[in-house]
Amino acid sequence: MPINFIPNDPRAGHPPAAVIEAHAERPDELARYVYLGSVPEDTYPTDSDGFLFWQCREAALRAIDLWELIDGSTLTTWQNGKTLRLKHKTPGQPQLNAFYDRLSLSFFQVDAAGGDSYRSGASTDVVAHEAGHAFLDAIRPDLWGAFQAEPGAFHEAFGDCIAILVALQDEATRKVLVDQGLLRQKNFVESTAEDLSHGIAVLVDANHNAAVPRRALNTHQWVMPASLPVSGGPGVLINEVHSLGMIFSGCFYDTLTNIYQSRGVESEKGLQAAARTAGELLVAAARTAPLKPRFFQAVGNAMLIADGMRNAGVNAQAIRDGFGAHNVLLNAEQLTSPTVVLAGRPPSETVHSVRDVLTQASRRSLLEVTGDDTDQRFYGSRVQLGDQSVAAVRRRQKVSLADVASDLEGVYCYVEEDVLIGEQNGNAALLGEVETVRQSAVEAQSFVFSLHAAGQISEEAHSQAGDDTIGAVSHVVSNVGEERRLLRKRFNCRCHALPGTARAFLCT
Ligand SMILES: [Zn+2]
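Engineer: Is there a simple way to think about the overall build of the protein in this case?
Structural biologist: Looking only at helices and strands, the protein features 14 helices and 21 strands. Its C-alpha radius of gyration of 23 Å places the protein within 12% of the 23 Å reference for a compact globule of 508 residues. Viewed in the frame of its principal axes, the protein has a C-alpha envelope of about 70 × 55 × 45 Å. Of the contacts formed within the protein by residues at least 6 apart in sequence, a portion of 65% connects residues at least 24 apart.

Below, the structure is given as structure tokens:
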């Protein structure tokens, strides 16, 4: 049986709902979704619950198709197992919200007084964005607990990039963009989640930062996230992960369109091919980029390395220009260039423990670079850069959050960074840059400050009250042994309490 399907956001304007054949179910041996209830397959009206069920399912399955295309492999498991719950309309308190929490992709509905309904599960943009969180978490679970602005913002940007790439899988969409010359003008593909941002404008505040759609075709320029304010008018760049993510999605969209234009084949097929190339480079880089506070740059450099391996570097200029347009300056060699000679022998060829990478002597001289701190630990790891496996340690540092806000007195988080270790003339050497203890603490505190300002932190005990009451919360304060620790609970849509109610939330 066919279904009605909208291949973009319901408020995007293009393309209209069309009757299509629904995706077949995925076999049990692969990663798949588990649905909320069951609805007979049919061409339901677009304002019905039956449509919402099949629209959400189709968008989520199209996102897997896209993922498997650009990752070049079959998705066999999510971060947390074979199944992920797809809650097209989560029961409970109405919210303009959507989230990924390692167990589910959850979507919500608000019925406004004027008769408008805001249904996040009806937006292919929003569904693909949340699925993007799940794909990235499956290959980079370490980003879940990163306490820096850029890895968090990259997660959000990655969701938007997946939404854009899913939209570009649709032939009618590509034809509109190419035939009307819209690729480098404001268009319905680079703008995402139009319906939910409209909900914020109408139901919360037309001057809210999230009252306009996020846009990948933008002129936002990278600056240190901590230098930005935590609030601002519609679409203004602020120190908040969804907003900051526009810097990276801007780099990616510009890279994609640069690749398209550089090939001189301006057709919908050319656009399809360019989107696939850009998507493949994005995923390859997301898999391998070392965890660094300047993560946008690390991913961009990893895209350059991936392009060198896969495409003989033919897209290097497109990538450099795409990132350069947003003040993210790339130089892949910098990742592995020796910057400090360390005492001790270089890393062993085989790594069984952290001491094979970092001898006691090397560790002592690394501490001179980062600053000695009893709350700093090093763990063995390796980092894959293109075809090169580079010795690395993961530096983990305990950071007090007492100075961030009075209610975080006695609460800690752990910030991590990959430190690449190589060899120079028979000595161990630090490759690339490493943060000092002080810099890492400031990065983490600034990130937590932005979460706190957006109302995204709760006590674990409160968050247990039920999923429907915790729309804005992405992080919780938990007791871990003797310690009060801040931990991620979910990747939330950008949520804000509705005026006049403590229990309903809006997001984009
Ligand atoms: Zn998100």
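Moving on from the coordinates now.
Engineer: Any chance you could explain the environment of Gly432 here in plain terms?
Structural biologist: Mapping Gly432 onto the fold places it in the loop between strand E15 (427-431) and helix H13 (437-453). Residues Gly432 and Val340, 92 residues apart in the sequence, show an inter-C-alpha distance of 8.6 Å. Not counting residues up to four positions away in its chain, the partners in contact with Gly432 are Gln334, Leu335, Ser337 and Thr339.

Engineer: Got a minute to help me understand the layout of surface pockets in this structure?
Structural biologist: Taken as a whole, the largest pocket holds about 350 Å³ of empty space. Surrounding the largest pocket, 16 residues form its lining, Lys292, Arg294, Gln297, Gly432 and Glu433 being those nearest its centre. Put simply, the parts of the chain that give the lining of the largest pocket at least two residues each are helix H8 (295-311) and helix H10 (332-336). The element that contributes the greatest number of residues to the lining of the largest pocket is H8, accounting for three residues. In terms of residue class, the lining of the largest pocket is built from five nonpolar, six polar and five charged. Summarising the domain contributions, the lining of the largest pocket has at least three residues from each of domain 1 (2-329) and domain 2 (341-435).

Engineer: Is there a simple way to explain the coordination of the zinc ion in this structure?
Structural biologist: Reference values for coordination geometry: four tetrahedral donors around a metal ideally subtend 109.5 degrees, six octahedral donors ideally subtend 90 or 180 degrees. Taken together, His129 (NE2), His133 (NE2) and Glu156 (OE) make up the protein donors of the zinc ion, found 2.1 Å from the metal. In primary-sequence terms, the residues that donate to the zinc ion follow H-x3-H-x22-E. One end of the pair, His133, is in helix H2 (residues 124-139); the other, Glu156, is in helix H3 (residues 149-168), with 23 residues separating them in the sequence. Across this residue pair, the class does not change: His133 and Glu156 are buried.

Engineer: Any chance you could explain the pattern of salt bridges here in plain terms?
Structural biologist: For side chains of opposite charge, pairing can occur when their charged atoms come near one another. Tallied over the full model, the rule gives 27 salt bridges. The shortest N-O distance in the salt bridge between Glu417 and Lys292 comes to 3.3 Å. Placement of the pair is Glu417 in strand E14 (residues 411-424) and Lys292 in the loop between helix H7 (268-288) and H8, with a sequence separation of 125 residues. Summarising the burial analysis for this pair, Glu417 and Lys292 share the class buried. Here Arg394 ties to Glu416 by a salt bridge, and the two come within 3.3 Å at their closest N and O atoms. With Arg394 in strand E13 (residues 388-400) and Glu416 in strand E14, the pair connects residues that are 22 residues apart, well separated along the chain.

Engineer: Would you mind showing me how to read the confidence of the model for the protein here?
Structural biologist: Parts of the model with low pLDDT should not have their predicted coordinates read in detail. Residues at a pLDDT of 70 or more form 95% of the protein, whose mean pLDDT is 91. For residues 465-469, every residue scores under 50 in pLDDT, and the model assigns this stretch 12 contacts once sequence neighbours within four places are set aside. Here residues 499-508 is a poorly scored stretch, pLDDT under 50, and it has 46 contacts once near neighbours within four places are set aside; other chains count.

Engineer: Looking at this model, I keep getting lost on the packing of aromatic side chains. Mind explaining?
Structural biologist: Given two aromatic rings, their pairing is described by the distance between the two centres and the angle made by the two planes. The tally for this structure, following the rule as stated, stands at 15 aromatic pairs. Between the aromatic rings of Tyr35 and Phe53, the centroid separation amounts to 5.8 Å while the plane-to-plane angle is 55°, which identifies the pairing as tilted. Of the two residues, Tyr35 sits in strand E3 (residues 32-35) while Phe53 sits in helix H1 (residues 49-71), which places them 18 residues apart along the sequence. Across the pair, Phe53 and Tyr35 agree in class, each one buried. For the ring pair Trp144 and Phe491, a centre distance of 5.6 Å and an interplane angle of 80° mean the geometry is edge-to-face. Residue Trp144 is found in the loop between H2 and H3, and its partner Phe491 is found in strand E19 (residues 491-492); the two are separated by 347 residues along the sequence. Overall, the relative accessible area of 10% leaves Trp144 in the buried class. Ring pairing ties together the aromatic residues Tyr33, Trp67, Trp78, Phe135, Phe154, Phe158, Phe248, Phe295, Phe296 and Phe323, which thus form one cluster.

Engineer: Looking at this structure, I do not really get helix H9 (residues 316-324). What am I missing?
Structural biologist: Owing to its 3.6 residues per turn, the α-helix brings residues three or four apart onto one side. Where H9 is concerned, the buried positions are Ala316, Ala318, Ile319, Gly322 and Phe323. Down the axis, H9 shows its buried residues gathered within 165° of arc, on one side only. Packed against the buried residues of H9 are helix H6 (241-262), H7 and H8.

Engineer: Explain empty space enclosed by the protein here, please?
Structural biologist: By rolling a water-sized probe across the atoms, one finds the places where empty space is left. Overall, the coordinates contain three cavities of 30 Å³ or more when judged by the stated rule. One number sums up the size of the largest cavity: a volume of about 60 Å³. What lines the largest cavity is a set of 10 residues, and nearest its centre among them are Val126, His129, Asp160, Ala193 and Arg214. Looking at the lining of the largest cavity, the element that brings in the most residues is H2, giving four residues. The residue makeup of the lining of the largest cavity, split by class, is three nonpolar, three polar and four charged. The computed volume of the second largest cavity comes to approximately 50 Å³.

Engineer: Even after reading the chapter, I still don't get the domain arrangement of the protein, so can you show me in this structure?
Structural biologist: How big an interface is tends to be expressed through the accessible area that disappears when the partners come together. Its domain assignment divides the protein into domain 1 (2-329), domain 2 (341-435) and domain 3 (450-506). Here the C-alpha centroids of domain 1 and domain 3 sit 23 Å apart.

Engineer: How do you make sense of the sheet that holds strand E6 (residues 104-107) when you look at a structure like this?
Structural biologist: Within the open sheet, the five strands sit side by side as E3-E4-E6-E5-E19. Their pairing is mixed. The open sheet has two free edges, formed respectively by E3 and E19, since each of these has just one partner strand. Strand direction decides the pairing type here: strand E5 (residues 98-100) and E19, joined by two bridges, are antiparallel. Bridge pairing in E19 links Tyr100 to Phe491. Strands in contact with H2 are E3, strand E4 (83-87), E5, E6 and E19; relative to E5, the strand with the most contacts, it is inclined by about 15°.

Engineer: Whenever I open this one, the nonpolar core confuses me. Can you help?
Structural biologist: Nonpolar side chains in soluble globular proteins tend to be buried together. Counting residues in hydrophobic clusters, the biggest one holds 129 residues, and the most contacted among them are Tyr33, Phe154 and Phe248. Sequence-distant contacts of Tyr33, defined by excluding residues within four places in its chain, comprise Ala60, Leu61, Ile64, Trp78, Leu84, Leu86, Leu105 and Ala131. One finds Leu366, Val393, Ile421 and Leu430 within the second-largest nonpolar core, a separate group that totals 13 residues.

About the thresholds
Residues numbered from 1 in each chain as written. Predicted model: local features only at pLDDT ≥ 70, side-chain atom pairs only at ≥ 80, totals over all residues. Heavy atoms only, no water. Helix = DSSP H or I, 4+ residues; strand = E, 2+ residues; numbered from the N terminus. Rg over C-alpha atoms; globule rule 2.2 N^0.38 Å. Contact = heavy atoms within 4.5 Å. 1 Å grid on protein atoms, 1.4 Å probe; cavity = no way out; pocket = protein on both sides within 12 Å on 5 of 7 lines; lining within 4 Å. Points joined across faces, edges and corners; volume = space filled by probe spheres on them. Nonpolar A, V, L, I, M, F, W, Y, C, P; charged D, E, K, R; others polar. Domains from an automatic or database assignment. Donors = N, O, S within 2.8 Å, 3.2 Å for Na, K, Ca; no water. Buried < 20%, exposed > 50% of the residue type's maximum accessible area, 1.4 Å probe, protein only. Salt bridge = Lys/Arg side-chain N within 4 Å of Asp/Glu carboxyl O. pLDDT = per-residue confidence, 0-100. Phe/Tyr/Trp six-rings, centres within 6.5 Å; stacked < 30°, edge-to-face > 60°. Arc of directions from axis to C-beta. Pairing = 2+ DSSP bridges. Axes fitted to C-alpha atoms, helices over the stretch in contact; angles between N-to-C directions. Core = buried A, V, L, I, M, F, W, Y, C linked by side-chain atoms within 4.5 Å.

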